[in-house]
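Descriptive analysis of the structure
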Amino acid sequence: MQTAFTNIGERMGRSQELSDSKRGPVIGGHLGNKSIRDISWLLNIPRSTVSGIITKWKPLGTTATQPPSGRPRHMTGRGQRMLKGTVRRSRQLSAESIAKVFQTWCGLQMSPTTVRRELHGMGFHGRAAASKPSITKCNAKHRMPWCKARRHWTLERYLPDCIVPSEEF
């Protein structure tokens, strides 16, 4: 079966959005009772595209591109890079102080919650450091001879009751 496409490159991959001048004839063909397959073949447009245009046109009455859903992001890519650089320079800053820094540098009003959310998205998380037992000078003095006395012990000496694997395999 011969298709309307001249080469496989036209069929594969994502392409740009169709212009209004191409969408109009699709709707015209639909109103003229042409099938999706016929419209696709006549205009050299994939069937899925023709079907998408028609299903979008039926409820809206227009083929114009609609604005994206949801609230626009507060921080741009440049702002995110600046935020990442600020945090890397000084990791001890709080979200409140970072928000103030952004207001002075960029004039961008941002809440500390937004700063935290953006930082979490970048992989930065505020966590307390693991507590390490402090070794006092007295304890260090006692530990050193104990360690030196056991420096040359073998695994059998440390773990006499455990089964130690042999070197033969």
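Whatever comes next refers back to the structure up there.
Predicted model only: the values in this text are computed from it and were never measured. All residue numbers refer to positions counted from 1 along the written sequence of the respective chain. Note on the predicted model: pLDDT of at least 70 is required for a residue's local features to be given, and 80 or more for side-chain atom pairs to be given and counted; whole-chain, interface and lining totals, by contrast, use all residues. Hydrogens and waters are ignored; side-chain quantities use all the structure's heavy atoms.

**Quick word on the environment of Leu119**
Filter applied, for reference: Starting at the N terminus, helices and strands are each numbered in turn, a helix being any DSSP run of H or I of at least four residues and a strand any DSSP run of E of at least two. Throughout this description, buried means an accessible area under 20% of the type-specific maximum (1.4 Å probe, protein chains only), exposed means over 50%, and partly exposed covers the range between. The contact criterion used is simple: two residues touch if any of their non-hydrogen atoms lie within 4.5 Å.
Considering the arrangement of structural elements, one finds Leu119 in helix α7 (residues 112–122). Judged by its relative accessible area of 11%, Leu119 is buried. With 24 residues separating them along the chain, Leu119 and Ala95 place their C-alpha atoms 9.3 Å apart. For Leu119, the contacting residues outside a window of four places in its chain are Leu83, Val87, Ile98 and Phe124.

**Side note on helix α6 (residues 95–106)**
Note the following rule: One less than the number of residues in a helix, times 1.5 Å, gives the span that helix is expected to have. Summarising the geometry, the arc corresponds to the directions from the helix axis toward the C-beta atoms.
In this model, α6 (12 residues) spans 16 Å end to end at C-alpha, consistent with the 16 Å of a helix rising 1.5 Å per residue. Within α6, burial applies to Ala95, Ile98, Ala99 and Phe102. Viewed end-on, α6 has its buried residues packed into an arc of 100 degrees, placing them on one side of the element. In α6, those exposed residues whose orientation departs by more than 90 degrees from the buried face are Lys100 and Thr104. Structurally, α6 contributes buried residues whose contacts are with α5 (77–89) and α7. Looking one or two residues beyond α6, the residue adopting positive phi is Gly107, at roughly 75 degrees.

**Some thoughts on the packing of α5 against α6**
Stated formally: Helix axes use the C-alpha atoms of the stretch in contact, all axes being lines fitted to C-alpha atoms, and the angles between their N-to-C directions lie in the range 0 to 180 degrees. If an angle is under 35 degrees, it is roughly parallel; if it is over 145, roughly antiparallel; if it lies from 65 to 115, roughly perpendicular; otherwise it is oblique. Crossing handedness is read from the near helix: turned anticlockwise from the far helix by less than a right angle, it gives a left-handed crossing, and turned clockwise, a right-handed one. Asp, Glu, Lys and Arg are counted as charged, while Ala, Val, Leu, Ile, Met, Phe, Trp, Tyr, Cys and Pro are counted as nonpolar; the rest, among them Gly, fall into the polar class.
α6 packs onto α5 with a crossing angle of 125 degrees between their chain directions and a minimal axis gap of 11 Å. Here α6 runs oblique to α5, going by the angle between their axes. Remark: the crossing between α5 and α6 carries right-handed chirality. Contact with α5, carried on its side by Gly79, Met82, Leu83, Thr86, Val87 and Arg89, involves Ile98, Phe102, Trp105 and Cys106 of α6 and no other residues of that element. For the contact of α5 with α6, the class distribution of residues is seven nonpolar, two polar and one charged.

Distances and angles like these do not, on their own, reveal function.
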